[in-house]
Every structure is written in C-alpha cells, then in structure tokens.
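Each chain, letter by letter, is given below.
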Amino acid sequence: DRSGNSVCVLAGCLLGDINFWQFMQPSYQIDHLATYTNVDPSRQHLWSGDTRPANGGRYQDAGKIYFSQNARLDLTKAASFKDGNLYCVAPVVDPDCKKNCGYDFWAVGMNCCSDLASDFRCGDFNSTHTRSGLRQVVNTWRPFFRLAVLQAEGMHG
C-alpha cells in the first residue's frame, strides 16, 4: 500500500529530525566551542601576581571546562527553581580559597534536587574525581537555571 509507505517515510523523516535537534545538535554545538583546562573556579591569578575572584565571563566561548585539581561542588550552597521542572544548581569552588573567592561556575541539572533544601544530587555530584563540565546549550532552559543561581545567591549571600 503506497499510502502506508508514504506515512512511514514521513514519520521516519520527522522522528529523525527530532532526534537530531534534541540529541545530536547540542553535542555538535559543544564540540565547536572552546575547551579550557586547569581552570580555578574560585580565583583568577593575574600576571602581576595578584589574585581576584574568578570571572566566568572570561570563558563565555567555553563548551568544555576542565577544572583545577582542587575543584569541588559546594553542596551547602545548592539551590533550585521550580517551574514545572525543578532546575537545580550548585557552585563549583576551590574549597581552599578563603579570600577573594568567586562563584561564577555552576553545576546544573533537572529534577535531581530538593525544592525545599540544599540537596543537589545531579550527575556525579558525590565523586571526588569529577573535574570537568560541559556547557548547558539548551537555550529554553537557560533562564530557569539563571533564576536558580539567583535563588542560591539570595539564600547564601
């Protein structure tokens, strides 16, 4: 039956297109962005020898970031924002930083934390060996993660 074959071909094209835009295109986008290594998530070391809080703006073209050896998630400063889904965030920090520390790098996830407490359980959150991150490239989610970061800043200063 020709009409049945046409429906199958059309459905195959439609599902293939959805698969590409949902799963493959974000991966290609990350591959075309910059990769940075040994990034201190808490402080920026200047050529003058001075140190200042980390500035994530220096890495706006990053697709992949490999953090320095001391980098950890600060689970005590995790937060979430709920709008249907639960958008979860926790800052990436160097726990040895005691002065002039920045909070410009955040681990994010969806529906993997509590909306009532600092309870981030996304990905490899409890691994002491995880030192890298990928840029979150789904543009429709970004404003909600930003609101979660603002929530964390409001809760934890």
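Since the model is a prediction, treat every value here as computed from it, not as a measurement.

Caption draft 1: Here's a closer look at the confidence of the model for the protein. Confidence along the protein averages 90 in pLDDT terms, with 99% of residues attaining 70 or more. Across the protein, strand β4 (residues 62–67) holds the top mean pLDDT of 96, while helix α1 (residues 2–31) sits lowest at 85.

Caption draft 2: Spotlight on α1. With 30 residues, α1 ought to run about 44 Å at 1.5 Å a step, and its terminal C-alpha atoms sit 41 Å apart, in line with that. Maximum bend of α1: about 45°, positioned at M24, with proline P26 one to four residues after it.

Caption draft 3: Up close: the pairing of strand β8 (residues 106–110). Residues A107 and G109 line the buried face of β8, whereas the alternating positions W106, V108 and M110 sit on a face that is not buried. Bridge analysis of strand β7 (residues 85–93) against β8 gives five bridges, and the strand direction is antiparallel. The partner of C88 across the bridge, within β8, is G109.

Caption draft 4: Highlighting helix α2 (residues 142–156). Over its 15 residues, α2 extends 21 Å from the first C-alpha to the last, a length consistent with the 21 Å expected when each residue adds 1.5 Å. All of the buried residues along α2 are F145, A148, V149 and A152. For α2, the arc enclosing every buried residue in end-on projection is 100°, short of the 170-degree limit, so these residues lie on one face. Packed against the buried residues of α2 are β6 (79–83), β7 and β8. Downstream of α2 by one or two residues, G157 has phi in the positive range, about 80°.

Caption draft 5: Representation of the state of the cysteines within the structure. Counted under the stated rule, the structure contains three disulfides. Shown here is the disulfide that connects C88 with C113, its sulfur atoms set 2.0 Å apart. Between C88 and C113, the S-S torsion sits near -80°, and that sign places the bridge as left-handed. Remark: C113 occurs in the loop between β8 and β9 (132–134) and C88 occurs in strand β7; sequence separation between them is 25 residues.

Caption draft 6: Highlighting the pattern of salt bridges. If you walk through the whole model with that rule in mind, you get five salt bridges. Across the pair D40 and R43 runs a salt bridge whose closest N-O atoms are separated by 3.3 Å. Taking relative accessible area as the criterion, R43 reaches 19% and is therefore assigned buried. For D74, the salt bridge is made with K77, and the minimal N-O distance between the two is 3.5 Å. Judged by its relative accessible area of 15%, D74 is buried. It is possible to trace a salt-bridge network through shared partners that takes in D40, R43 and D94.

Caption draft 7: Examining the sheet that holds β9 more closely. Pairing is mixed in the open sheet, where three strands are placed in the order β1-β4-β9. Looking at strand neighbours, the two that pair on one side only are β1 (34–39) and β9, the edges of this open sheet. In this sheet, adjacent strand axes meet at a mean angle of 15° when their direction is disregarded. Relative to β4, β1 runs parallel, the two being bridged by four bridges. Paired with T35 across the bridge in β4 is K64.

What counts and how
- Residue indices follow the written sequence of each chain, beginning from 1 at its first position.
- Note on the predicted model: pLDDT of at least 70 is required for a residue's local features to be given, and 80 or more for side-chain atom pairs to be given and counted; whole-chain, interface and lining totals, by contrast, use all residues.
- Hydrogen atoms and water are omitted, and side-chain values are computed over all heavy atoms in the structure.
- Values of pLDDT, the confidence the predictor places in each residue, fall between 0 and 100.
- Helix numbers and strand numbers start at the N terminus; a helix is a DSSP run of H or I with at least 4 residues, a strand a run of E with at least 2.
- Expected span of a helix, by definition, is 1.5 Å for each gap between consecutive residues, and there is one gap fewer than residues.
- Given a residue, its bend is the angle between the two axes fitted to the seven residues that end at it and to the seven that start from it.
- Partly exposed residues are those whose accessible area sits between 20% and 50% of the maximum for their type, while under 20% is buried and over 50% is exposed, using a 1.4 Å probe and protein chains only.
- By this definition, two strands are paired if DSSP reports at least two bridges between them.
- Directions from the helix axis toward the C-beta atoms define the arc.
- Contact between two residues is taken to exist if any of their heavy atoms lie within 4.5 Å; hydrogens are not considered.
- Note on terminology: pairs of cysteine sulfur atoms within 2.5 Å are recorded as disulfides.
- Salt bridges are identified by distance alone: a Lys or Arg side-chain nitrogen within 4 Å of an Asp or Glu carboxyl oxygen.
- Lines fitted to the C-alpha atoms define the axes, with helices restricted to the stretch that makes contact. Angles between their N-to-C directions range from 0 to 180 degrees.

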